[in-house]
Amino acid sequence: MKKRKIGTTDLEVSEIGLGCMSLGTDQNYATQIIDAALDAGINYFDTADLYDKGLNEQFVGNAIKHRRNDLILATKAGNRFERDKEGWEWDPSKKHIKSAVKDSLTRLQTDYIDLYQLHGGTIEDPIDETIEAFEELKQEGLIRHYGISSIRPNVIKEYVKRSNVESVMMQYSLLDRRAEEWFSLLDDHQTSVVARGPLAKGLLAKKPLSAAGEKIQKDGYLDYSFEELKVVLDKLSSHDEFKRPLSELALHYCLAHPTVAAVVCGASSIEQIEDNVRAVETNPLTAEQVTLLKSLTKASTYEQHRS
C-alpha cells in the first residue's frame with residue numbers, strides 16, 4: 001500500500017489506517033483483526049486511552065508486542081477516568097498527560113508512542129501547559145511526535161500557531177467537508193490531517209440507506225436531510241463519470257487532498273479491512289472527478305468554536 005508522511009516527521013503511514021475503537025471486547029478476535037490489517041499492508045494503528053477505559057490499548061498492546069517495529073502507533077490522552085467508576089473528566093493538564101502516557105505505555109507494552117494526540121480540547125484549556133507536556137515527553141523519548149484530535153477551529157488554530165503539532169485528526173468525508181476550510185492553514189504550517197469517519201457512519205459504505213439508524217432516518221446527517229441524503233447518494237452511486245463502488249469513491253476523495261496523510265477506518269471484521277484496502281489500491285480520482293464530486297456535495301463549514 002502507498003504511504004504518506006505525517007507533517008514534517010519521518011512517520012510514513014499507510015494511506016488506510018486502522019481505527020481500533022471498534023475492535024470489540026474479545027482479545028482473540030481483536031488480534032485477528034490487527035494481524036489481518038498488518039498482513040494487508042496497513043501500518044498505522046490509532047487507539048486512545050479512553051476506549052473501553054484502557055482495555056482497547058491493552059488489546060492492541062497484546063496483539064502488537066511481537067510486531068512493534070512493523071507499525072506506527074498512535075494513541076490519545078486528555079480524558080481522566082478510573083476503570084471501576086462511571087464517566088470521565090476532561091483534563092488537559094501537564095500533570096495528567098505526563099501520568100496518562102505512562103499508563104498507556106504499560107497497556108500498549110511499548111517503550112514509546114509514535115504519535116501522541118490530545119483527545120479533544122477547548123479554547124479555555126491551559127494550552128501552553130498542554131504543549132509543554134508534549135514537548136517534554138518528546139525530549140524524554142516517550143513519544144516521537146504529537147498532534148491533536150479536534151474539530152474545533154479555534155483550538156486547531158491555537159495549536160498550529162503555538163506548537164509543533166504534526167497532525168490534526170478530523171472528521172472528514174464526502175458528506176462532511178467541513179475540514180476543507182482549514183486545509184490551507186494546515187498546509188502553511190506543514191501539518192497533516194488524519195481523516196476519521198471517511199465512510200460517514202456507513203452511509204458511504206456498502207449497506208443501503210434504508211439500513212441507516214433511526215436518528216439518521218429522522219434527522220438526516222449533518223447538513224443533509226434524509227431526503228437530501230437519498231438524492232446525493234443516488235447521484236454519487238449512479239453518475240456515469242465514476243462507475244466505481246461508493247466506498248471506493250469516498251476513500252479516494254479524502255486521499256485526493258495532499259493535506260490528508262491517512263484515512264482511519266474502523267473495522268469489526270477482516271472483510272471490512274480487505275474491502276478498504278482493495279478500494280484504495282484502485283486508480284485515484286482525476287482532478288476533474290474531484291471537482292465534480294465537490295459540485296455534487298455540500299461544502300459545509302463549522303459554525304461553532306470559530307473564535
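Residues numbered from 1 in each chain as written. Predicted model: local features only at pLDDT ≥ 70, side-chain atom pairs only at ≥ 80, totals over all residues. Heavy atoms only, no water.

Draft legend 1. How the structure looks around the packing of aromatic side chains. Following the criterion strictly, the structure yields four aromatic pairs and no others. Relative to Y253, the ring of Y172 lies with its centre 6.2 Å away and its plane at 45 degrees, an arrangement referred to as tilted. Here the residue Y172 occupies a position in the loop between β10 (167–171) and α6 (183–188), and Y253 occupies one in helix α9 (residues 246–255), the gap between them amounting to 81 residues. Each of the two residues, Y172 as well as Y253, counts as buried. An aromatic cluster is present here, built from Y116, F134 and Y146 joined pairwise through their rings. One residue, R68, lies across the ring of Y112, its end atom 4.2 Å from the ring centre. Sitting above the plane of the Y224 ring, K298 keeps its charged end 5.0 Å from the centroid. (Phe/Tyr/Trp six-rings, centres within 6.5 Å; stacked < 30°, edge-to-face > 60°. Helix = DSSP H or I, 4+ residues; strand = E, 2+ residues; numbered from the N terminus. Buried < 20%, exposed > 50% of the residue type's maximum accessible area, 1.4 Å probe, protein only. Lys NZ or Arg CZ within 6 Å of the ring centre and 35° of its normal.)

Draft legend 2. Structural view of the pattern of salt bridges. Under the definition given, this model contains 27 salt bridges. Residues joined by salt bridges that share partners form a network here, namely K94, K98, E132, E136 and E140. (Salt bridge = Lys/Arg side-chain N within 4 Å of Asp/Glu carboxyl O.)

Draft legend 3. Main features of the pairing of β10. Across the five residues of β10, five count as buried, placing the element largely inside the fold. Side chains S167, M169 and Q171 of β10 all project onto a buried face; the interleaved residues V168 and M170 project onto the opposite face, where all are buried too. Bridge analysis of strand β9 (residues 143–149) against β10 gives two bridges, and the strand direction is parallel. Paired with S149 across the bridge in β10 is M169. Regarding the hand of the β-α-β motif, the stretch spanning β9, helix α5 (residues 153–162) and β10 is right-handed. Pairing of β10 with strand β11 (residues 192–196) involves five bridges; the strand directions are parallel. Bridging from a neighbouring strand, Q171 pairs with R196 of β11. (Pairing = 2+ DSSP bridges. Right-handed = clockwise from strand over helix to strand, strands pointing away.)

Draft legend 4. A look at the side chain of S104. Following the sequence through the fold, S104 ends up in helix α3 (residues 94–108). Sequence-distant contacts of S104, defined by excluding residues within four places in its chain, comprise D49, E57, T75 and I113. (Contact = heavy atoms within 4.5 Å.)

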